[in-house]
Amino acid sequence: MSSTVRVRIAPSPTGDPHVGTAYIGLLNYIYAKQRGGKFILRIEDTDRTRFVPTSEAMIFEALRWLGIDWDEGPDVGGPHGPYRQSERTEIYRAHTSTLIENGSAYRCFCTPEELDQRRKAQLAAKMAPRYDGTCRRLTKEQVDANLAAGKSFTVRLAVPAEGATVFRDELRGEITIDHHNVDDQVLMKSDGFPTYHLANVVDDHLMEITDVIRAEEWISSTPKHVLLYKAFGWELPKFWHMPLLRNTDKSKISKRKNPVSLIYYRQAGFLPQAMLNFLGLMGGGMPAPGDHNNTPEQNRAAEIFSMADMLERFVFERISLGGPVFDLVKLKWLNGEYLRALSKEEFAQQMRDVIFSDAFLAKLTPLVQNRVETLAQVGDIADFLFKDNVVPAEDVWMPKKRSREETLAFTGELLAALEGAEWAEPAIDAAIRALLTAKEWSVKEGFTLLRTIMTGTASSPPLLESLGIFGKARSLDRMRRFLDAQKKISKS
Ligand code: GLU
């Protein structure tokens, strides 16, 4: 294995770049820079059902916005490419053959229907669902006959029936997982694409990754990975599983409770330095203020640090396993500190770059040009695009014939429908109308509700265009905040 430290992040391009990717990216970046190592960006795009074509470019852009730059990756190249898994399928196929030949994996001809039936039977019998090993028992002749008959197959890992896999997590120490709790994982799907587990291990090895630093949700996958390293006869990397970011109620961070898209934070005017600082606070790798004689101001000041400070003072072994809370109130406080520390010129430039950018004004123009008699009136009709907080009055947002509960339930469903929609006017329109039909709401009811949530009033420039230029991340955030505010009112 390489003596140079080599680490990586391996995001899957399934949507907007996630704050969790930036958090793990930052940690890997710091780890590499502190040790004169290399930081690699690999795109894990083998799950074609969840693939979003625009996602990869957004991931690149968001990480660069934060100043988390990679030494090797799909766009910058490097000696271990290609760095996109969809371009490496031949490599995975060859490695799958090796595993079949050495008996660590086997072909499984069970159909999805058969698997589903057995799964249901296991659940009904109150057993944990897992593969029952049918194809593991096939003789060579049976396998050959199936292949000759052209039956489609997956390839599964032959997990030892007895014993346990033991591995070391650098933050937790030894972790032991009984093989009874490890399923014969599918490594290669019937379409010839590898699953995450196989591709991840093969790539980490071929890319000479020395330290796998990732979120703790992958701990349960690690025994499968360790078995794969052993099956190939490869040396294990070190594993560091970082505590998951949490909502303020300690549940795993989710878009229901927090904006999780980095695009949102950028568009809403968070500064990259503030976001980096905030992410650096997660997990406790930076020295704690510590001194009990500190004033609250001194404690707060100790929480403000730059990337250079993190490179100097961040200690991985200090990371604590209690879930770090992604607290928006704190992030806003930090961002405010950073905004106030800017010079007047820098602040004005930020406004020009983010809030009043030429690109944004160009998009706004067609919406307002024909609707005003003076330029001053632009503010009268488009103020909602420049506001953070919009609070529509109840008698405006609630349709006459609907109850409060019904309307809020509908809004929740509308939010879910729009989350899944491509952010282009026809797609937004189709998503709204499909829900209106399904729920038997009139077009007027639905559009007025959404318009008032977005703009605060019942009359505004055309809604779909407005949503388009306001952007997906911020539009959805406005809906989420409206729902949160209403739920709080309902409770009180
Ligand atoms: N593709 C996985 C993800 O989306 C990578 C997990 C890992 O780092 O092993 O996070």
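The coordinates are above.
A brief report on the enclosed structure follows. (Residues numbered from 1 in each chain as written. Predicted model: local features only at pLDDT ≥ 70, side-chain atom pairs only at ≥ 80, totals over all residues. Heavy atoms only, no water.)

## Observations regarding the sheet that holds strand S4 (residues 154-157)
For sheets, the rule is that strands pair by backbone hydrogen bonds, running either parallel or antiparallel. A sheet is described by the order of its strands in space; here 3 strands give the open sequence S3-S4-S7, paired in antiparallel fashion. The open sheet has two edge strands with one neighbour each: strand S3 (105-108) and strand S7 (186-188). Taken pair by pair, the neighbouring strands of this sheet meet at an average axis angle of 45 degrees, ignoring direction. By the bridge criterion, 2 bridges tie S4 to S7 in an arrangement that is antiparallel. Looking at the pairing, Val-155 lines up with Met-188 of S7. On the sheet, helix H3 (residues 89-101) packs against S3, S4 and S7 and is oriented at approximately 130 degrees with respect to S7. (Pairing = 2+ DSSP bridges. Helix = DSSP H or I, 4+ residues; strand = E, 2+ residues; numbered from the N terminus. Axes fitted to C-alpha atoms, helices over the stretch in contact; angles between N-to-C directions. Contact = heavy atoms within 4.5 Å.)

## Some remarks on the pairing of strand S9 (residues 238-242)
Burial within S9 is extensive, with 4 of its 5 residues counted as buried. One ladder, built from 5 bridges, connects strand S8 (residues 211-215) with S9; its direction is parallel. Along S9, the bridge assignment pairs Val-212 with Phe-239. In this fold, the crossover linking S8 to S9 by way of helix H7 (residues 222-232) has right-handed handedness. (Buried < 20%, exposed > 50% of the residue type's maximum accessible area, 1.4 Å probe, protein only. Right-handed = clockwise from strand over helix to strand, strands pointing away.)

## Looking at the pattern of salt bridges
Across all of its chains, the model carries 36 salt bridges by this definition. A salt bridge links Asp-75 to Arg-64; the shortest N-O distance between them is 2.7 Å. Remark: Arg-64 occurs in helix H2 (residues 55-66) and Asp-75 occurs in the loop between H2 and H3; sequence separation between them is 11 residues. Classification of Arg-64 by relative accessible area gives partly exposed; the value is 36%. (Salt bridge = Lys/Arg side-chain N within 4 Å of Asp/Glu carboxyl O.)

## Comments concerning unusual backbone geometry
Trans peptide bonds make up the majority, and among non-glycine residues the majority have a negative phi. The omega angle of the peptide bond from Gly-81 to Pro-82 is -5 degrees, so this bond is cis rather than trans. You can see Pro-82 is positioned in the loop between H2 and H3. Within the chain, Lys-126 stands out as a residue other than glycine whose phi angle is a positive 60 degrees. Mapped onto the elements, Lys-126 comes out in the loop between helix H4 (112-124) and helix H5 (140-148).

## Let's talk about helix H1 (residues 19-34)
The end-to-end C-alpha distance of H1 is 22 Å, a good match for the 22 Å that 16 residues give at a rise of 1.5 Å each. Most of H1 is tucked away, with 13 of its 16 residues classed as buried. Where H1 ends, the next residue or the one after it, Gly-36, has phi of about 60 degrees, a positive value. (Expected span 1.5 Å × (residues − 1).)

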